[in-house]
2 protein chains.
Amino acid sequence: MPRILAITGGVGGAKLALGLSRLLGPDEVAFAVNTGDDFEHLGLEICPDLDTLIYTLSGLANPDTGWGRRDETWGFLDTLDTLGGEAWFRLGDHDLALHVRRTEMLRDGATRTAAAAEIAGRLGIAHRLLPMSDDPVRTLVHTAGGPLAFQHYFVRDRCEPAVTGFEFRGADRARPNPAIVDWLEGADGVVICPSNPFVSVDPMLSIPGLRQALMDSPAPVVAVSPIVGGAALKGPAAKMMAELELPARADQVARHYGELLDGFVMDQQDADLAGGVAVETLVTQTVMRTLEDRVALAEAVLAFCDRLKR
Amino acid sequence: MPRILAITGGVGGAKLALGLSRLLGPDEVAFAVNTGDDFEHLGLEICPDLDTLIYTLSGLANPDTGWGRRDETWGFLDTLDTLGGEAWFRLGDHDLALHVRRTEMLRDGATRTAAAAEIAGRLGIAHRLLPMSDDPVRTLVHTAGGPLAFQHYFVRDRCEPAVTGFEFRGADRARPNPAIVDWLEGADGVVICPSNPFVSVDPMLSIPGLRQALMDSPAPVVAVSPIVGGAALKGPAAKMMAELELPARADQVARHYGELLDGFVMDQQDADLAGGVAVETLVTQTVMRTLEDRVALAEAVLAFCDRLKR
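Let me begin by describing the structure that accompanies this report. Here the structure is a predicted model, which is why all the values come from computation and not from measurement.

### Section: the overall build of chain A
Helix and strand counts for chain A stand at 12 helices and 14 strands. Projected onto its principal axes, the C-alpha positions of chain A cover 60 × 45 × 40 Å. Going through the 310 residues of chain A one by one, you find that 52% of them count as buried. Long-range pairs, those at least 24 residues apart, make up 67% of the contacts in chain A between residues at least 6 apart in sequence.

Take a look at the structure:
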């Protein structure tokens, strides 16, 4: 029985996570999730990456957007707008219940981990969804116009401001989720899903105890490139790389993760870049359009991990 | 130009308030609203009586229930139930936006009065809606099984427990809304709408400064009986009277308000009880089924006030 830790952020990561969840049971794969873009909005504790994973694994995700729920209604948001409230963050009526319920549990003293487990269980998810930390870490996006809270950058300002750097406030003091550290002991592989390296994965790696646990683990660490053919399949990763004066190329993602990696997975479109990657590289079809694509990539990544472990 | 203060609680009171608002402009009638049944629920500040009035005056009220909005949807509540949250208080998707917006304004330091004015304005209401106090007052319903927060008694337990008494926690220390006290200076009449005397009007009267301001005002105070033909048209008023061993009769309502009253309005069905009322009494059609009924009763009550003033 394998024991895999999958590290995931938003929509792209959740696709591979879904594939992994179809192949491996709750005692075989656990998901470590970015909480750097969590924020308080309208008095609610909102955990976008965790919720994307919850909706994806429970089959409730909106297939068109990747985030939020399918068959959603918008009565709340429309009325909030009428009342002069902040309507830029798209909270659907059904989605809202999750945020209200989580906020209530957190106010009653539950950890983020416990609240996520309760909600996931109610939605029929048996796998462990582990927030990277129960302590607050907040991703700030530095721009020419000053720092922006992540959701302001990402949703409100539609990733338009040019990025000059990132800050993960609180990460230096944050304790890693002990359930992640436990899971890593005796793990057979760590899969960094195709999430944004800068704002989905780096928040986790910036928690000293979590990075150390990953370095200490004998399990091979494998990252799947979110950059394919010089572009991000979803989200601002390629735009960020350009603004940071990095070539928006898959091999740069491997370079970014550096010594953490034991293996790298890139798309067949980028086969010519494989020579520039310092670790063992699997070149395969990584673009996930269908459920079958997700499962096939998960299968390939697991086999790659297994090979690296020997 | 008359200057009327209307005191109102829930659904019955809001009907007459609507009639008054059709006859008198924003400089002619102001509404003092019970906040004793306000409560925090799911982290939201909910003001049921204020909201009933807001929805009634803005034309958004659900005509079948009297509370909540028409054309409401229930995605939030259904999902909350799935997630194990408390779904007994019926929060519709559109309605919810009002509570979220109010809660946000209160957390940002706005008074209940300012928050109500902002929300009412956004919904096109020009009249003043004045919470009885900006300080918290909480109605507790005493029952054989112990005290119940009002909404637990009223909504969750459907008024089933037998009532032994009432408590308005915080009323003794609450300052009356200064805008109500101001309005009373130079007022021409005070109309106590047909709301529940025990749980809609008494919370206001239990605020010492507010009761005193009503007593000090030269304006005649007129109450409209919510009891017609021995029954409450809406809500538990008659049931409460029976449990408190009071005859569930209109004349008992007048007795309950006692020296505060200068006039009393009762339904023609109860004409034979008029002799038992210690103040001048107007016997008229008080059952409000249509908008015309609401306006006609408002007209009769205003004429009665005017007569008493001379």
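### Re the interface of chain B and chain A
The partner chain A presents 23 residues to the 23 residues of chain B that form the contact. Elements that contribute at least two residues to the side of chain B that touches chain A include exactly α3 (75-82), α4 (93-107) and α5 (112-122) of chain B. By residue number, the principal contributor to the side of chain B that touches chain A is α4(B), which donates 10 residues. Of the residues that constitute the side of chain B that touches chain A, the class distribution is 9 nonpolar, 9 polar and 5 charged.

### Section: the sheet that holds strand β6 (residues 138-143) of chain B
For sheets, the rule is that strands pair by backbone hydrogen bonds, running either parallel or antiparallel. All names here are of chain B. A sheet is described by the order of its strands in space; here 3 strands give the open sequence β7-β6-β8, paired in antiparallel fashion. Both edges of this open sheet fall to β7 (146-149) and β8 (163-169), since each of them pairs with a single strand only. Each adjacent strand pair in this sheet contributes to an overall mean axis angle of 30°, direction not counted. Its contacts with the sheet put helix α8 (residues 197-205) on β6 and β8, and the angle it makes with β8 is roughly 30°.

### Digging into the environment of A:D188
Residues and elements named next belong to chain A. Position of D188 relative to the elements: it lies in the loop between α7 (178-184) and β9 (189-192). Judged by the 19 C-beta atoms lying within 10 Å of it, D188 falls in the partly exposed class. C-alpha of D188 to C-alpha of L44: the two residues are 144 residues apart in sequence and 37 Å apart in space. Among all residues touching D188, those that are not within four sequence positions of it are P2, R3, I4, A219, C305 and K309.

### A few points about the relation of the copies chain B and chain A
One chain copy maps onto the other through a rotation about an axis and a shift parallel to that axis. Turning chain B through 180° and shifting it by 0.0 Å along the axis lays it on chain A, with an RMSD of 0.0 Å. The two molecules are tied by a two-fold rotation axis, judged by turn and shift. Closest approach to the rotation axis among the C-alpha atoms of chain B is made by B:D93, whose C-alpha sits 3.0 Å away. Most of the interface of chain B is mirrored in chain A, where 100% of its interface residues are also at the interface.

### Let's talk about the packing of helix α4 (residues 93-107) of chain A against helix α5 (residues 112-122) of chain A
Two quantities define a packed helix pair, namely the angle between the axes and the distance from one axis to the other. Residues and elements named next belong to chain A. Where α4 meets α5, the axes come as close as 9 Å, and the angle between the chain directions of the two elements is 140°. If you check the angle between α4 and α5, you find them oblique. In the packing of α4 onto α5, the handedness of the crossing is right-handed. Taking contact as the criterion, the partners of L98, R101, R102, M105 and L106 in α4 are, on α5, A115, E118 and I119. Looking at the contact of α4 with α5 residue by residue, the class counts come to 5 nonpolar, no polar and 3 charged.

### As for the sheet that holds strand β7 (residues 146-149) of chain A
Residues and elements named next belong to chain A. A sheet is described by the order of its strands in space; here 3 strands give the open sequence β7-β6-β8, paired in antiparallel fashion. The sheet is open, and its two edges are formed by β7 and β8 (163-169), each paired on a single side. The mean inter-strand angle of the sheet, taken between neighbouring strand axes irrespective of direction, is 30°. As paired elements, strand β6 (residues 138-143) and β7 share 4 bridges and run antiparallel to each other. Each bridged residue has a counterpart across the sheet, and for V141 the counterpart in β7 is L148.

Conventions used here
Residues numbered from 1 in each chain as written. Chains lettered and ligands numbered in written order. Predicted model: local features only at pLDDT ≥ 70, side-chain atom pairs only at ≥ 80, totals over all residues. Helix = DSSP H or I, 4+ residues; strand = E, 2+ residues; numbered from the N terminus. Buried ≥ 20, exposed ≤ 12 C-beta atoms within 10 Å, placed from the backbone. Contact = placed C-beta atoms within 7 Å. Nonpolar A, V, L, I, M, F, W, Y, C, P; charged D, E, K, R; others polar. Pairing = 2+ DSSP bridges. Axes fitted to C-alpha atoms, helices over the stretch in contact; angles between N-to-C directions. Least-squares fit on C-alpha atoms with pLDDT ≥ 70 in both. Parallel < 35°, antiparallel > 145°, perpendicular 65-115°, else oblique. Left-handed = near helix turned anticlockwise from the far one by under 90°.

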